[in-house]
Amino acid sequence: MAKISRRSFVNKFGMGVGASVIVTTLPSFLSAPEVNKIPDTGKKLNIALCGLGNYASMLAKGIQISEYCTLAGIVTGTQAKAVKWKSQYNIPDKNIYNYENFDEIIKNKDIDLVYVVTPNGLHKDFTIRAAKAGKHVITEKPMAISVKDCEEMIKTCNENNVQLAIGYRLHYEPTHLEIKRMGQEKVFGQVRFIEASLGYKIHDPLDTKSTVNFSDRNEWRLNKKLSGGGPLMDLGVYCIQASRYILGEEPIAVTAQFGTVYNKQIFSETEESISWQMEFPSGAVANCNTSVNYNIDRLYASADEGSFELSPALSYGPFKGKTSEKELKFPVINQQQTQMDEICKFILENKKLPNHITGEEGLKDIKVIKAIYKAAETGKKVSLK
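Residues numbered from 1 in each chain as written. Predicted model: local features only at pLDDT ≥ 70, side-chain atom pairs only at ≥ 80, totals over all residues. Heavy atoms only, no water.

K.L.:
Go over the environment of Leu-52 with me, naming the residues and quoting the values.
P.N.:
You can see Leu-52 is positioned in the loop between strand E1 (45-50) and helix H2 (54-64). Classification of Leu-52 as buried rests on a relative accessible area of 6%. Through-space distance from the C-alpha of Leu-52 to that of Val-117 is 7.1 Å; in sequence the pair is 65 residues apart. (Helix = DSSP H or I, 4+ residues; strand = E, 2+ residues; numbered from the N terminus. Buried < 20%, exposed > 50% of the residue type's maximum accessible area, 1.4 Å probe, protein only.)

Below, the structure written as structure tokens:
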């Protein structure tokens, strides 16, 4: 299949992420007092990355420069990756696991937290296994592929007295902190309309005959069992999140429409494009789009007395934005490092994670995603009340 790969998309939109300008530890998504550093005890959380794909490499780079955690272990189903990562990050053999012997991590006191970066359909399994081993867990978004899976993950972590976080890196990114503030504090009055779109091109829409091997692990996003869906699961979650945190509200109803399927063989299991609309209690409406046959990365909010927007907006940045009054300028940060430090600070202090980063937050997104799929399949408005 001739395509532009996910890797090229990450490289295109991730420029500047590694070359970070970090002026201070950023505050939490919701509360400013957390800007203070914890006392320097020399203690760091030991992290094991579970799943060693492209994004795990970005996480590893962030962890390397973090203040409150260190990359201590890996979990992979590919022996060649285990060898490469062992050498690159000086990981001891006792902290290297595969998917079959992963449960033995319960005996390893040198691993405090497991970050699950596997395909979506495996998030539940590894989260539950890590929790039962007594390890805190961060799992990438989307949290899981069903509401039931999310609820089981939350329940198991609670029962085993470990914390569960979702990898919402943009909750700690300064440009997004500002648009959240402008929306929720009504800097330009009540936000009435939001447009949020994120997509990347993985194939030529004019190529209608190429096929794909659904058993190829590199094509897991096209395999519904592993992905849970198409671009809505992979990218649309960012659009849902942005709309929710700009307004500080939960959607009460959705409508949705699947886009044109150009290649029915490649996209026999997952959607190629989808558009949806969310209604909120204040009367605000969000119009969102995501696709894997065109590139788009923008966010726009219109309020009673002005507007604000970002483009690039929801990828890896660097983000560029403006309001109806001025340009938005914030330092470029390493999003992975900042997210990891902010989460690890809470765990090191034995404090409960803030709600905006927990499994309960991930569950909210999955409920919206499932409603969007139902609306697109039935052609009817779906209530979320």
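Once the structure has been displayed, the description carries forward.
K.L.:
Give me the lowdown on empty space enclosed by the protein, citing residues and values where you can.
P.N.:
Counting across every chain of the model gives two cavities of 30 Å³ or more. Approximately 60 Å³ is the volume attributed to the largest cavity. Lining the largest cavity, in full, are Lys-141, Tyr-168, Arg-169, Leu-170, His-171, Tyr-238, Gln-241 and Tyr-245. Classifying every residue of the lining of the largest cavity gives four nonpolar, two polar and two charged. (1 Å grid on protein atoms, 1.4 Å probe; cavity = no way out; pocket = protein on both sides within 12 Å on 5 of 7 lines; lining within 4 Å. Points joined across faces, edges and corners; volume = space filled by probe spheres on them. Nonpolar A, V, L, I, M, F, W, Y, C, P; charged D, E, K, R; others polar.)

K.L.:
Can you break down the packing of aromatic side chains residue by residue, with the values?
P.N.:
Under the defined criterion, the tally for this structure stands at five aromatic pairs. Seen from their ring centres, Phe-102 and Phe-126 are 5.5 Å apart, and the 75° between their planes marks the pair as edge-to-face. A residue pair is termed long-range when its members are at least 10 positions apart, and Phe-102 in the loop between strand E3 (96-97) and strand E4 (113-116) and Phe-126 in helix H4 (residues 123-132) qualify at 24 residues. Residue Phe-126 is classed as buried on the basis of its relative accessible area of 3%. A connected cluster of aromatic rings, assembled from ring pairs, spans Tyr-99, Phe-102 and Phe-126. (Phe/Tyr/Trp six-rings, centres within 6.5 Å; stacked < 30°, edge-to-face > 60°.)

K.L.:
Describe the sheet that holds strand E13 (residues 321-323), with residues and values.
P.N.:
In spatial order, the strands read E14-E13-E12-E11-E7-E10-E9-E8-E15; together these nine strands make up an open sheet with mixed pairing. In this open sheet, the two strands that pair with only one neighbour each are strand E14 (327-328) and strand E15 (382-383). Pairing geometry for strand E7 (residues 191-199) and strand E10 (residues 285-291), over seven bridges, is parallel. The residue bridging Leu-198 from the neighbouring strand is Thr-290, located in E10. (Pairing = 2+ DSSP bridges.)

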